[in-house]
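Descriptive analysis of the structure
Spelled out from the first residue to the last, the chains are:
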Amino acid sequence: MTLTGNLLIGQRSVTGNQPSIRAVDPTTNQPLEPAYPGACGEHVAEACALAWAAFDSYRETPLEQRATFLETIASEIEALGDTLIDRAVAESGLPKARIQGERGRTCTQLRTFARVVRDGEWLDVRVDNAQPERQPLPRADLRQRQVALGPVAVFGASNFPLAFSVAGGDTASALAAGCPVVVKAHGAHPGTSELVGRAVARAVQRCGLAEGVFSLLYGAGTAIGTALVSDPRIKAVGFTGSRSGGIALNQVAQTRPEPIPVYAEMSSINPVFVFDAALHNRGPALAQSFVASLTQGAGQFCTNPGLVIARQGAALQGFIEAAGEHLRQAPAQTMLTPGIFSAYEAGVADLAGNPNATSAASGQPAHGPNQGQAQLFTTHADAFLADPALQAEVFGAASLVVACASDEQVRQVAEHLEGQLTATLHLDEGDIEQARGLLPILERKAGRLLVNGWPTGVEVCDAMVHGGPFPATSDARSTSVGTAAILRFLRPVCYQDFPDALLPTALRQDNPLHVRRLLDGQREA
C-alpha cells in the first residue's frame, strides 16, 4: 500500500494545509517519506461534524453488527501483513518480534470487545416493574440502560504504535460503547497510523456504517489537539502520554462551556517493595529478573519498575551489587524517538547530579543514535522523603533503590508516593504479616497490585486494571486496558412508564437481546 500523507476525514482522503510532521527512523536519525501536512481548524470541525452526524445511528447499531465491525477492523489490520510491521519497525526502532506481538495484542483487544458487545452485560439493564397497588404511593415502571456518551477524541501514544494508538484500547472500547472516534495520530509514527487508519475506514465501509464513525488527523504542536478537545461535539477524551500533555488537555476539557471527561494515562514509577525474607532467600534471582524487567523495550513502558524499596542491610546491598552486575552487561537500546531519548538523558543527568542519589551501575555505552544506556541509582529513605525530585518519572531504563532503616520507614515511603499504575510486592512466607500492614496504603496508591512478579506486561482480559490515582491517570475510577475500559464512554439513562413499543430493544419486556438483567432487585441467572 502506498502511503499518501493524507488526513482521513470519514471516507475522504484529504491533504492537510498546516505544517507537516515526518517520521524519523531512530536507528539512523533519517527522516522517512512521506511528509504528513497537518489539519487545520476546518478539518477538525468537519471530522467532528461527521462524528456527531453518525452518533445517533451508530450508538443504536445492533450488537451483532457492532461486534462484527470490531472483528472486521482486526481482520483488516492483519491483512496489512508485513507492510504494517515493516513501517512500524522503521518508525519506532522496536524489534520486529515486538511489533508482531503488539499487532496481536491490538487485534485481541478488538476481538475481546466484540465478545463484550455481544454479551450485552455492559448495558447494565435494570428493570423495576410497576407496582400500581403499592401503598402509600404506587411505583412507576422504571428501566435503565447504559448509553454511549458521544464522539470521543483519542490521542495516539508514542510507545505503543499499535496497541495504544489508532486502533488501540481507547479506540476499541469507545467504538464498542457506541461512540464514533476522531483520532489524532502521534507524530512519531504517522505512516503506521495511516495504514491502521485506512484499515479502520475500510471496516466502516464494509460494515455499512456512517462514515463519521472514524476519522484520523495529523498535526504538529498543540493546536489540533486543543481544537479537537474544545469542539462541542466531542464528549470524552482518551489519552496516553506525558503528565504535562494530559494535564493540558484536561484543563482544556474542564474550561469548555460543557466540561467533558478526560481519561489520561500519564505518569508512574511503579514501586517495587522487596521484603526481608524474599531478599535473603532469593536476592540474586530477584536482581536478575528486576534488570530484565527494567531494560525490556529500553524501559519504555508505563509500567517500568522505576523504584525499588527495601530495608537496608547486607541482603539489600547484595541485591544492588547483583543488579549492577547484570545491568553492566545490558546493551544500550535504541529509544523510540530523538525527543524521548533526549528526555531520558536529561532525567538521568538530573539524578546523576542530585546529591541525594548515588550511581550504582550503568549499562553498556551507546554505539549509535538515540541509544539509551541503562542506569541504576541508590538513595536513603530520609533523602527520598525530603526531595520531591527523586520521585520524578524517568521514561526509560533507569531505576532508583530506596534503602529504609525500618518497617515504619518503608510505610512512610509508601505513604509519600504519588498515585501509581502498579505496586509490586516480592515476599516469602515470612513476609506475609509485614506485607499485610502495607496493603491498605498500596490500595490507595495504585490500580494494580502484584505479588512476586514484575509490572511490565499488561494482560488484555476482563480483570485487568491499567489505571490509578493521579498522576498515574486523570481519573482513578477508570482503566484503559481490560473490558471495564468500555465503562468510561457510557452513561445511565432511565425510562419511566414507557410503552414497550417505544423502549430501546435492551429494555423491552420480553428481553429480546437475552441479556442478564437486574429484575426487581434480583439478578437473573
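A few points on the structure. The structure displayed is predicted, hence computed values, not measured ones. (Residues numbered from 1 in each chain as written. Predicted model: local features only at pLDDT ≥ 70, side-chain atom pairs only at ≥ 80, totals over all residues. Heavy atoms only, no water.)

1. Observations regarding the sheet that holds strand β19 (residues 375-380)
Definition in use: In short, DSSP must find at least two bridges between two strands for them to pair. A run of H or I in DSSP becomes a helix once it reaches four residues, and a run of E becomes a strand once it reaches two; helices and strands are each numbered from the N terminus. The axes are straight lines fitted to the C-alpha atoms, using for helices just the contacting stretch, and the angles between their N-to-C directions are given from 0 to 180°.
Strand order in the open sheet formed by 7 strands is β17-β19-β20-β15-β14-β21-β22, with mixed pairing between adjacent strands. Among the strands making up the open sheet, the edge pair consists of β17 (358-362) and β22 (446-451). The mean angle between the axes of side-by-side strands here comes to 20°, regardless of whether they run parallel or antiparallel. Here strand β14 (residues 271-274) runs beside strand β21 (residues 420-426); their pairing, made up of 3 bridges, is parallel.

2. Brief notes about the packing of aromatic side chains
In plain terms, the rule: Here the aromatic set is Phe, Tyr and Trp, taking the six-membered ring for Trp, and pairing holds for ring centres within 6.5 Å; pairs whose planes are under 30 degrees apart are stacked, those over 60 apart are edge-to-face, and all others are tilted. Criterion for a charge above a ring: Arg CZ or Lys NZ at most 6 Å from the ring centre, at most 35 degrees from the ring normal.
Using the criterion set out here, one finds 10 aromatic pairs in the structure. Ring-pair connections join several aromatic residues into one group, and the members of that group are Phe160, Phe164 and Phe301. Here Arg59 stacks its cationic end above the ring of Phe55, 5.4 Å away from the centre of that ring. Directly above the aromatic system of Tyr58 lies the positively charged group of Arg66, at a separation of 5.6 Å from the ring centroid.

3. So, the state of the cysteines
What counts here: Any two cysteine sulfur atoms lying within 2.5 Å of each other are counted as a disulfide. In this scheme, a residue with accessible area under 20% of its type's maximum is buried, one over 50% is exposed, and one in between is partly exposed, where area comes from a 1.4 Å probe on protein chains only.
This structure, assessed with the given rule, holds 0 disulfides. In this model Cys48 remains outside any disulfide bridge; the closest cysteine sulfur is found in Cys40, 12 Å from its own. The structure places no disulfide on Cys107, whose sulfur is separated from the nearest cysteine sulfur, that of Cys207, by 14 Å. For Cys107, a relative accessible area of 1% corresponds to the buried category.

4. Overview of the side chain of Arg105
What counts, and what does not: Note on charges: Lys and Arg go in the positive column, Asp and Glu in the negative column, and His and the chain ends are not counted at all. Within this document, salt bridges are pairs made up of a side-chain nitrogen of Lys or Arg and a carboxyl oxygen of Asp or Glu, the two lying within 4 Å of each other. Residue contacts follow a heavy-atom distance rule, with two residues in contact if any of their heavy atoms lie within 4.5 Å.
Mapped onto the elements of the fold, Arg105 is located in helix α4 (residues 96-119). We note that Arg105 is buried and unpaired, the nearest opposite charge coming from Glu102 at a distance of 7.3 Å. Discounting residues that sit within four places of it in the chain, Arg105 has contacts with Phe160, Ala163, Phe164, Val458, Val460 and Val481.

5. Here we look at the pairing of β19
Each regular strand displays side chains that alternate between the two surfaces of the sheet. Convention followed: Crossover handedness is defined here as right-handed if the route from the first strand over the helix to the second strand goes clockwise, with the strands pointing away from the viewer.
Within β19, 5 of the 6 residues are buried, which leaves it mostly tucked inside the rest of the structure. For β19 and strand β20 (residues 398-404), the ladder comprises 6 bridges, and the chain directions are parallel. Residue pairing across strands places Gln375 opposite Ala398, the latter belonging to β20. Taken together, β19, helix α12 (residues 381-386) and β20 form a β-α-β motif whose crossover is right-handed.

6. Thoughts on the sheet that holds strand β23 (residues 490-496)
Reading across the sheet, the 5 strands line up as β23-β8-β7-β24-β25 and stay open at both edges, with mixed pairing between neighbours. Single-partner strands in this sheet number two, and they are β23 and β25 (522-523). Direction of pairing for strand β7 (residues 126-128) relative to strand β24 (residues 518-519): parallel, over a ladder of 2 bridges. In the strand pairing of β24, Val127 is matched with Leu519.

7. Some words on the side chain of Thr479
Quick reminder of the rule: Here a polar contact is taken to be a pair of N or O atoms separated by no more than 3.5 Å, where protein atoms must pair a possible hydrogen donor with a possible acceptor and residues adjacent in sequence count only if both atoms sit in side chains.
On the secondary structure map, Thr479 appears in the loop between β22 and β23. The class of Thr479 is buried, set by a relative accessible area of 6%. At 2.7 Å, the side chain of Thr479 forms a polar contact with the backbone nitrogen of His466. Apart from residues lying up to four places away in sequence, Thr479 is in contact with Met464, Val465, His466, Ala484, Ala485 and Arg488.

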